[in-house]
Amino acid sequence: MSARIYKLWIAGQWQDAALKQDVRSPYSQAVVAQMSQCDERQVEQATAASVEAFAKLRKLSRFMRSRLLASMAQKISERRADFVERIISEAGKPRGLADVEVTRAVSTFTIASEEVKRFGGEIVPVDIEASGRLYSPAQTSFVPRGPVLAITPFNFPLNLVAHKVAPALAVGASVVVKPPPQAPGAAVLLAEIFEQAARDVSDTAEQVPLASLQVLSGANALIEKMVIDPRLAILSFTGSDKVGWMLQQKALRKKVSLELGGNAAVIVHSDADLKRAAARCAFGGYAYAGQVCISVQRILVQESVAAEFERLLIDEVKKLKVGDPADNDTMVGPLIDQTARDRLGAWIKEAIDDGARALVGGKITGQVVEPLILKDVKPHHKINTEEAFGPVVTLETYKSFESALEAVNRSRFGLQAGLFTDSASRVRQAIDDLDVGGVIINEVPTYRADNMPYGGMKESGLGREGVRYTMHDYCEIKTVVAWQGSVS
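Residues numbered from 1 in each chain as written. Predicted model: local features only at pLDDT ≥ 70, side-chain atom pairs only at ≥ 80, totals over all residues. Heavy atoms only, no water.

Notes on the overall build of the chain
Defined as follows: Put simply, DSSP marks the helices as runs of H or I at least four residues long and the strands as runs of E at least two long, and each gets a number from the N terminus on. The quantity called the radius of gyration is restricted to C-alpha atoms. Its globule counterpart is 2.2 Å times the number of residues to the power 0.38. Whether a residue is buried, partly exposed or exposed follows from its accessible area with a 1.4 Å probe, protein chains only, as a fraction of its type maximum: under 20%, in between, or over 50%, in that order. For this analysis, residues touch if any pair of their heavy atoms sits within 4.5 Å.
Counting its secondary structure elements, the chain contains 15 helices and 25 strands. A compact globule built from 488 residues should have a C-alpha radius of gyration of about 23 Å, and the chain, at 24 Å, falls within 12% of that. Put simply, the chain has 488 residues, and 57% of those count as buried. For the chain, long-range pairs separated by at least 24 residues make up 73% of all intrachain contacts whose partners lie at least 6 apart in sequence.

So this is what it looks like as C-alpha cells:
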C-alpha cells in the first residue's frame, strides 16, 4: 500500500507544502504516510483566518453549533474503519483499543452537541444587601475568550483532538489543531469530516465558517509563533511536562490548559478482591504498552496479601497478547518510536543494576517491550519518579494504609490514583488525603469518562478536560446588572 499524503487544512482550503515529514508504523517501521509541513506564511494565514472565523462562529446560534457537532459525531462513526486503520498504522495502538477510541470520540462530539443546548448563565440576586435593592438581579452568560491553539499527543490521536475541538466549536471558538508528528492522520481525517459537516448543516440563514477548524503541522519554531501570538487567546496542550511548562512560560496573557501525565499509583489493601484487582492492574498497566497518561505505573500492596497478589498479577500479565497491533487479540503493541524504547530501556537498566528484580517480562524485540513487573525499585529510580509511558509496573508493599497514601503523594505528579478496598472509612481517608485530580475506587486510575472532569494536581497540569469543563475554560463570564429605580 502506498503512503498517504496528508495536506494542511488552512483557511477553509486544502493546501500542499513542499516539505513533508514521513510517518512510520511503530511496529513495521514502514512509511505509511507523509504529512505536509507548513511554512511561516501558512502559519500567519491560519492565525488570521482563525481570528476572522471566531468573529462569525461566536455569533452562530446554539441550534447551528449543536447540529454541526451532531453531524460530526455521525460522520466519525461512518468513517470508523478509516480512523481505526490510521490509529493502528501510525500510533501502533492495538485494534480493539483503536476501535474504543473511535467510539469515545463519537461520544465526545455527541456530548458536546447536547451540552450546547444547556450551557447558559445564571440569575444572581443582588438585593441580598441594602446597596443592591435598586438593581435588577445580575444575569451572567458565557462568552468565548477567543481562538484556541490545540497541541495534541500521539497516544489518542483522535479522542484527545476531540476533547479540544468539540468544546471549542460548542462555545463558538475557532480552533487550530497541531497534531502529533507521529500520528497526524486522525486529525486530518477529522478536518475532512468537519468540512463535510459544515457544508451539510449550513443554510441560507447561517453558515459555518470553514476556518472554524484548521489543522496544520510544522516545525516547533513555527508552532511557537502561534503560542506567543496574542491573537490566539487559549493554549490547550496535552503532552510531556517539560514541554508543557515551557510553553506556559511563553504563552503570556493566554488562558492555558495543560494535561501533562503522571506516574499513577494503585493501592491494593488486604480487604480487596485481589483477583479482580490483579486483572484490572494488568489491563491498566499494559494496555497500549502503557502509553496512556493514567496507565498504572506503581502498585502498592498491603504486605499481608502481597505474595498472593504478586502471584495473581504475574498470571494475569502472562495472559496478555503481545505483538502486532493489527491483530484482534493484541493488547500490548510497540512503543511509538526508537527514542521511547531506548529511554525506557535505560530506566529499566538503571533500576535493575541498582538492585531491582524483574518478576516477569522485559524482553525487547524491535520497539515491542514485553510487559515487565519490577520489584525492589528504589524511590529515586527514574522508573519510579518519572512517567514511564511504557509497559512497566513497579510492585512494592506497605504496612499501614497511611504509609501507602504517603507513598502515592511522594510523587511530583498528581493526575489520578486507584484504590482497591472494601472499607468505607479508607475510601474517605484516601479521598481526603490523596493529592490527585481523580480518585478511582475499586478500579485502576486508567478509567476516564468523557463527560467527567479530568486533570491533575501538582506537576500533572492545569485546568480540567471533560466536555463541559473545557467549555468553561474556553469562556469568560459576562455579568449584566441594571439599575431599576427607587424601592417602592
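With respect to the packing of helix α2 (residues 62-78) against helix α4 (residues 95-115)
What describes two packed helices is the angle between their axes and the distance between those same axes. Definition in use: To obtain each axis, a line is fitted to C-alpha atoms, and for helices this fit is confined to the stretch in contact; angles are then taken between N-to-C directions over 0 to 180 degrees. The cut-offs work like this: below 35 degrees is roughly parallel, past 145 is roughly antiparallel, 65 to 115 is roughly perpendicular, and the gaps in between are oblique. Whether a crossing is left-handed or right-handed is set by the direction in which the near helix is turned from the far one by less than a right angle, anticlockwise for left-handed and clockwise for right-handed. For this classification, Asp, Glu, Lys and Arg are treated as charged, while Ala, Val, Leu, Ile, Met, Phe, Trp, Tyr, Cys and Pro are nonpolar and the rest, including Gly, are polar.
Where α2 contacts α4, the two axes come as close as 8 Å, and the packing angle between them is 165°. Between α2 and α4, the angle falls in the class roughly antiparallel. Between α2 and α4 lies a crossing of left-handed hand. Together, Ser 66, Leu 69, Ala 70, Met 72, Ala 73, Ile 76 and Ser 77 of α2 and Val 102, Val 106, Phe 109, Thr 110, Ala 112 and Ser 113 of α4 make up the contact between the two elements. When grouped by side-chain class, the residues that make up the contact of α2 with α4 number nine nonpolar, four polar and no charged.

Description of helix α9 (residues 274-286)
Counted only if it meets this: Here a helix's expected span is defined as the number of its residues, less one, multiplied by 1.5 Å.
Its 13 residues give α9 an end-to-end C-alpha distance of 18 Å, which sits within 8% of 18 Å, the value for a rise of 1.5 Å per residue. Restricting attention to buried positions, one finds in α9 the residues Leu 274, Ala 277, Ala 278, Cys 281, Ala 282, Gly 284, Gly 285 and Tyr 286. Its buried side turned inward, α9 meets β13 (265-268), β14 (298-302), α10 (306-319), β18 (372-375), β19 (392-398) and β21 (416-420). Two residues or fewer past α9, Tyr 288 is found with a positive phi of approximately 55°.

With respect to the packing of aromatic side chains
Which entries qualify depends on this criterion: Any pair of Phe, Tyr and Trp rings, taking the six-membered ring for Trp, is counted once the centres come within 6.5 Å. Such a pair is stacked with planes under 30 degrees apart, edge-to-face with planes over 60 apart, and tilted for the rest.
Following the criterion strictly, the structure yields three aromatic pairs and no others. Here Phe 119 and Phe 142 contribute two aromatic rings whose centre-to-centre distance is 4.6 Å and whose plane-to-plane angle is 20°, an arrangement assigned as stacked. Highlighted residues: Phe 119 in the loop between α4 and β6 (123-124) and Phe 142 in strand β7 (residues 138-144), separated in sequence by 23 residues. Residue Phe 119 is classed as buried on the basis of its relative accessible area, which comes to 8%. Taking the centre distance of 5.9 Å and the plane angle of 90° together, the rings of Phe 154 and Phe 389 count as edge-to-face. With a gap of 235 residues between them, Phe 154 in the loop between β8 (148-151) and α5 (159-171) and Phe 389 in the loop between α12 (382-385) and β19 connect regions that are remote in the sequence.

Re a nonpolar patch on the surface
As a reminder of what qualifies: A patch consists of residues whose relative accessible area exceeds 30% and which take part in no salt bridge; residues with like charges are grouped when within 9 Å of each other, and nonpolar side chains (Val, Leu, Ile, Met, Phe, Trp, Tyr) when within 5 Å. Calculation of accessible area relied on Shrake-Rupley with a 1.4 Å probe; when residues are assessed, cover is drawn exclusively from the protein chains displayed. The working definition used for a salt bridge is a side-chain nitrogen of Lys or Arg within 4 Å of a carboxyl oxygen of Asp or Glu.
Together, Leu 134, Tyr 135, Val 481 and Trp 483 make up an exposed nonpolar region whose accessible area comes to about 400 Å². Relative to the elements of secondary structure, Leu 134 occurs in the loop between β6 and β7.

Notes on the pairing of β19
Filter applied, for reference: In short, DSSP must find at least two bridges between two strands for them to pair.
Counting buried residues in β19 gives five out of seven residues, a clear majority hidden from the surface. Strand direction decides the pairing type here: β18 and β19, joined by four bridges, are parallel. Among the inter-strand pairings, Ile 373 is bridged to a residue of β19, identified as Val 393.

Digging into the nonpolar core
A general tendency of soluble globular proteins is for nonpolar side chains to be buried together. Rule in force here: Throughout this description, the term nonpolar core refers to a set of buried Ala, Val, Leu, Ile, Met, Phe, Trp, Tyr and Cys residues connected via side-chain atoms within 4.5 Å.
Among the nonpolar cores identified, the biggest contains 141 residues, and Phe 109, Val 268, Ile 299, Phe 309 and Leu 313 are the most heavily contacted of them. If you tally residues by element for this core, the top one is helix α6 (residues 185-201), at 11 residues. Counting 15 residues, the second largest nonpolar core, distinct from the first, contains Ala 417, Leu 419, Val 427 and Leu 434.

Honestly, it's all geometry; don't read function into it.
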